[in-house]
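Here is what each chain is made of, one letter per residue.
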Amino acid sequence: MDYLPGILSGESGEIFMGSFKGHLRALFVHSVGGGDVPRDYILNHMVCDFAETVRWWSRNKQYTPEEISRFFLRTTPLPEG
């Protein structure tokens, strides 16, 4: 994972993040339910939060993957339904 900060901060960082978010969207789309919040909003929120969590982690390597997962799940609860 030592290469991740370089990928995210280089010229291709935004291209990588765009592609990464596309893959996350495809992964999360089946996990998002309805409710009183539009599905597309919830999906966008989850994708952006997860992608930015990865970016943040690349700059804060003192945390384990398990800790990062816990941070994400505590701040971005999965939608009901």
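Please read all numbers here as calculations on a predicted model, not as lab measurements. Residue positions are given per chain, counting from 1 as you read along its sequence in written order. Where totals are concerned, whole chains, interfaces and linings use all residues; where local detail is concerned, this predicted model gives features only for residues with pLDDT of at least 70, and gives and counts side-chain atom pairs only at 80 or more. Where side-chain values are given, they derive from all heavy atoms of the structure, hydrogens and water being excluded.

Trainee: Help me understand the overall build of the chain in this model?
Mentor: Secondary structure counts use DSSP, requiring at least four H or I residues in a row for a helix and at least two E residues in a row for a strand, with both numbered from the N terminus. Looking only at helices and strands, one finds four helices and zero strands in the chain. Reading the secondary structure of the chain in the N-to-C direction produces α-α-α-α. In terms of overall dimensions, the chain has a C-alpha envelope of 40 × 25 × 15 Å along the principal axes. Exposure is judged per residue with a 1.4 Å probe applied to protein chains only, and the accessible area is read against the type maximum: over 50% gives exposed, under 20% gives buried, and values in between give partly exposed. Residue burial in the chain is summarised as follows: out of 81 residues, 27% are buried. In the structure as shown, the chain presents an accessible area of about 5600 Å², 58% of it carried by carbon and sulfur atoms. Counted charges follow a simple rule, with Lys and Arg positive, Asp and Glu negative, and His plus the chain ends left uncounted. Think of each charge as sitting on NZ of Lys, CZ of Arg, CG of Asp or CD of Glu. Counting 8 positive and 10 negative side-chain charges, the chain places the centres of these two groups 1 Å from one another. With residues, only the protein chains shown are counted as cover, and all accessible areas are computed by Shrake-Rupley using a 1.4 Å probe.

Trainee: Mind showing me how you'd approach the packing of helix α3 (residues 39-59) against helix α4 (residues 65-75) here?
Mentor: Two numbers describe a pair of packed helices, the interaxial angle and the distance between the axes. The contact between α3 and α4 brings their axes to 11 Å, and the two run at 145 degrees. As for how α3 packs across α4, the hand of that crossing is right-handed. Within the contact between the two elements, α3 uses Met 46, Asp 49, Phe 50, Thr 53, Trp 56 and Trp 57 and α4 uses Pro 65, Ile 68 and Phe 72. Fitted lines through C-alpha atoms serve as axes, helices being fitted only where they are in contact, and the angles separating the N-to-C directions of these axes extend from 0 to 180 degrees. By the definition used in this description, the sense in which the near helix is turned from the far one sets the handedness, with an anticlockwise turn below a right angle giving left-handed and a clockwise turn giving right-handed. We call two residues in contact when some of their heavy atoms are within 4.5 Å.

Trainee: I'm lost on the pattern of salt bridges in this one. Help?
Mentor: Two side chains carrying opposite charge are able to pair once their charged atoms lie near each other. We define a salt bridge as a contact between a side-chain nitrogen of Lys or Arg and a carboxyl oxygen of Asp or Glu at a distance within 4 Å. Under the counting rule described, the total for this entry stands at three salt bridges. We note a salt bridge from Glu 14 to Arg 55, for which the minimum N-O separation is 3.5 Å. Residue Glu 14 is located in helix α2 (residues 13-28), and its partner Arg 55 is located in helix α3; the two are separated by 41 residues in the primary sequence. According to the relative accessible area criterion, Arg 55 is buried, its value standing at 10%. Residues Glu 52 and Arg 55 are paired through a salt bridge, measuring 3.0 Å at the closest nitrogen-oxygen approach. Of this pair, Glu 52 and Arg 55 both sit in helix α3, three residues apart, which is roughly one turn of that helix. For Glu 52, a relative accessible area of 35% puts it in the partly exposed group. Here the salt bridges do not stand alone but share partners, grouping Glu 14, Glu 52 and Arg 55 into one network.

Function cannot be inferred from these measures alone, as they are strictly geometric.
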